[in-house]
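Examining the three-dimensional arrangement
These are the residues of each chain, in order.
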Amino acid sequence: MPDQPHLLIDRLPKCELHIHIEGSLEPELMFALAQRNKVKLPFASVEEVRKAYQFSQLQDFLDIYYQGMSVLITEQDFFDLAWAYLERARADNVRYVEMFFDPQGHTSRGVAFATVVGGLHRACQEAAARLGIRASLIMCFLRHLSEAEAEATLDQAQAHRSRIIGVGLDSSEKGHPPSKFRTVYRRAREMGLHLVAHAGEEGPPEYVWEALDVLGVERVDHGNRSLEDDSLVARLARERMPLTVCPLSNLKLCVVRDLRRHPLRRMMDKGLTVTVNSDDPAYFGGYVGDNYRAVQQALGLGRDELIAVARNGFLAAFMPEDERKKALTEFDAAVAALGR
Ligand code: ADE
Ligand code: ZN
């Protein structure tokens, strides 16, 4: 075994299951696309953009995140965005990605749904061929908008059904409970789409219950506040419900005050299936490898814990069972090759 945890982290095959592709837009690419598309940005330089990334809660980030996406206009822009992320993922030894995207953040600006999906899907296809990464798309509904608007978005997705594996729920959590989206999730399930939702990031444990019981999600995104409710924790453990945890996001959005107080280790101790992810890496200061390193250092995670977290990604991924079996065999072989 590499005696440095960082070497082990580098070498572990990984999944990323919670990445908003628009949140991987680095300021350099933001400026390049603004120039290409003649979009005016309210920032004079890359440094000024980075300086603006100081958040005290989720909404502070969302305001700047929606503004940042305004530079994404053409199919090529969406390809370039996703490709830049996928190259970084490859450098972190990520083998499998499920990428969130926010269609309503684009269609509301007059960008066609087909343009968004076209560019992202092409990047996913090329990633398989050129980077050895299997990548797919999960479309998120913006929860601060109405359920009728989510339904109209699902209608638009029908024509692209084969390019989307699931639906999610993101944006401002407080005041927008999962139950607001009961009908559109029922319809998505009938279409055979996988179901996930952000819950318990800022919102209360009740929102996690609703995500499970009203929406029928197969994974919970974040889920931090589940720890406030013992019976919820017991349920999540019993059902092996995966949580897609995002440590650097939690720190940047003040969900935790200090990474040393991050709930990831407590979640593991309670038998929860936790995975580590980056959320919005361009805004929160790190990609998935950075998240592993940060949380390893802050919580003193050991070899077996790091391996378990990385392996959980393959257990939680929406891949066919034969593919999962193969991925887990490859994962175990890669770990065995590292030695002790
Ligand atoms: N959209 C992008 N990142 C998000 C997050 N962390 N929570 C809710 N909505 C988001
Ligand atoms: Zn998220």
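Please refer to the structure placed before this passage.
The structure reproduced in this document is the subject of the present report. These numbers come from a predicted model, not from an experiment.

What follows deals with the packing of helix α8 (residues 147-157) against helix α9 (residues 182-190). Where α8 contacts α9, the axes come no closer than 8 Å and their chain directions differ by 20°. The angle between α8 and α9 falls in the class roughly parallel. The two elements α8 and α9 meet at a crossing, and its hand is left-handed. Residue-level contacts link Glu147, Ala150, Glu151, Leu154 and Asp155 of α8 to Arg182, Thr183, Val184, Arg187 and Ala188 of α9.

Bound to the zinc ion (ligand 2) are the protein donor atoms His18 (NE2), His20 (NE2), His198 (NE2) and Asp279 (OD), situated 2.0 to 2.2 Å from the metal. Bound by 4 donor atoms, the zinc ion (ligand 2) shows angles of 81 to 172° at the metal and therefore irregular coordination geometry. All donor residues of the zinc ion (ligand 2) come from one chain, and their arrangement in sequence is H-x1-H-x177-H-x80-D. With His20 in strand β1 (residues 14-20) and His198 in strand β5 (residues 194-199), this pair connects stretches of sequence that are 178 residues apart. Look at His20 and you get buried, because its relative accessible area is 4%.

All right, on to the site of ligand 1 then. Near ligand 1, the surroundings consist of His20, Leu58, Phe61, Leu62, Tyr65, Asp170, Ser171, His198, Glu201, His222, Asp279 and Asp280. Ser171 is positioned such that a nitrogen or oxygen atom in its backbone is 2.8 Å from a nitrogen atom of ligand 1. Interatomic distance of 2.8 Å between a side-chain N/O atom of Glu201 and a nitrogen atom of ligand 1. Notes on ligand 1: free accessible area 260 Å², of which the protein chains cover 100%. Along the lines of polarity and charge, the residues of the shell around ligand 1 split into 4 nonpolar, 4 polar and 4 charged.

On to the sheet that holds strand β2 (residues 94-101). With parallel pairing, the 8 strands of this open sheet are ordered in space as β1-β2-β3-β4-β5-β6-β7-β8. Across the chains shown, the open sheet's two edge strands, defined by having one partner strand only, are β1 and β8 (273-276). Across the sheet, the axes of successive neighbouring strands diverge by a mean angle of 25°, strand direction being ignored. Where strand β6 (residues 219-222) meets strand β7 (residues 242-245), 2 bridges bridge the pair, whose relative direction is parallel. Note that in β7 the partner of Asp221 across the bridge is Thr244. In this fold α8 packs onto β3 (134-142) and β4 (166-170), with an angle of close to 150° to the strand it touches most, β3.

Another point: unusual backbone geometry. Positioned with a positive phi, Ser171 is a non-glycine residue whose angle comes to about 80°. Of note in the backbone geometry, His222 takes a positive phi value of approximately 75° without being a glycine. Here His222 is to be found in strand β6.

Our next topic: the pattern of salt bridges. This structure, assessed with the given rule, holds 23 salt bridges. Arg260 serves as the salt-bridge partner of Asp258, at 2.8 Å between the closest nitrogen and oxygen. The exposure class assigned to Asp258 is partly exposed, which follows from its relative accessible area of 23%. Assessed through its relative accessible area of 60%, Arg260 is described here as exposed. Through salt bridges with shared partners, a single ionic network connects Glu26, Glu28, Arg50 and Arg88.

Our focus in this paragraph is the packing of aromatic side chains. Any pair of aromatic rings gets described here by the distance separating the centres and the angle formed by the planes. Per the counting criterion, the structure on display carries 13 aromatic pairs. Considering the side-chain rings of Phe79 and Trp83, the 5.7 Å spacing of their centres and the 10° angle between planes classify their relative orientation as stacked. In this pair, Phe79 and Trp83 are both assigned in helix α5 (residues 75-91), 4 residues apart and thus about one turn of the helix distant. Taken individually, Phe79 and Trp83 each receive the classification buried, so the pair is uniform in this respect. Among the aromatic residues, those joined into a cluster by ring pairs are Tyr53, Phe55, Phe61, Tyr65, Tyr66, Tyr283 and Phe284. Over the aromatic face of Phe79 sits the side chain of Arg122, whose NZ or CZ is 4.3 Å from the ring centroid. We note Arg219 situated over the ring of Phe318; from NZ or CZ to the ring centre the distance is 4.1 Å.

The subject of this paragraph is the environment of Tyr292. Along the chain, the position of Tyr292 falls in helix α15 (residues 288-299). According to the relative accessible area criterion, Tyr292 is buried, its value standing at 2%. The spacing of Tyr292 and His6 is 286 residues in sequence and 8.7 Å in space, taken between C-alpha atoms. In this view, Tyr292 contacts Ile9, Lys14, Val276, Leu306, Val309 and Ala310; residues no more than four positions away in its chain are not counted.

With that settled, consider the state of the cysteines. The full count for this structure, using the stated rule, is 0 disulfides. Here Cys124 is not disulfide-linked; the sulfur of Cys140 is the nearest cysteine sulfur, at 14 Å. You can call Cys124 buried: its relative accessible area is 5%. The thiol sulfur of Cys254 is not disulfide-bonded, and the nearest other cysteine sulfur, from Cys246, lies at 15 Å.

The rules behind these values
- Residues numbered from 1 in each chain as written.
- Chains lettered and ligands numbered in written order.
- Predicted model: local features only at pLDDT ≥ 70, side-chain atom pairs only at ≥ 80, totals over all residues.
- Heavy atoms only, no water.
- Axes fitted to C-alpha atoms, helices over the stretch in contact; angles between N-to-C directions.
- Helix = DSSP H or I, 4+ residues; strand = E, 2+ residues; numbered from the N terminus.
- Parallel < 35°, antiparallel > 145°, perpendicular 65-115°, else oblique.
- Left-handed = near helix turned anticlockwise from the far one by under 90°.
- Contact = heavy atoms within 4.5 Å.
- Donors = N, O, S within 2.8 Å, 3.2 Å for Na, K, Ca; no water.
- Tetrahedral: all angles 85-135°; square planar, octahedral: opposite > 155°, others 65-115°.
- Buried < 20%, exposed > 50% of the residue type's maximum accessible area, 1.4 Å probe, protein only.
- Near = heavy atom within 4 Å.
- Polar contact = N/O pair within 3.5 Å; in protein donor to acceptor, adjacent residues only side chain to side chain.
- Areas by Shrake-Rupley, 256 points an atom, 1.4 Å probe, with all protein chains shown as cover.
- Nonpolar A, V, L, I, M, F, W, Y, C, P; charged D, E, K, R; others polar.
- Pairing = 2+ DSSP bridges.
- Salt bridge = Lys/Arg side-chain N within 4 Å of Asp/Glu carboxyl O.
- Phe/Tyr/Trp six-rings, centres within 6.5 Å; stacked < 30°, edge-to-face > 60°.
- Lys NZ or Arg CZ within 6 Å of the ring centre and 35° of its normal.
- Disulfide = S-S within 2.5 Å.

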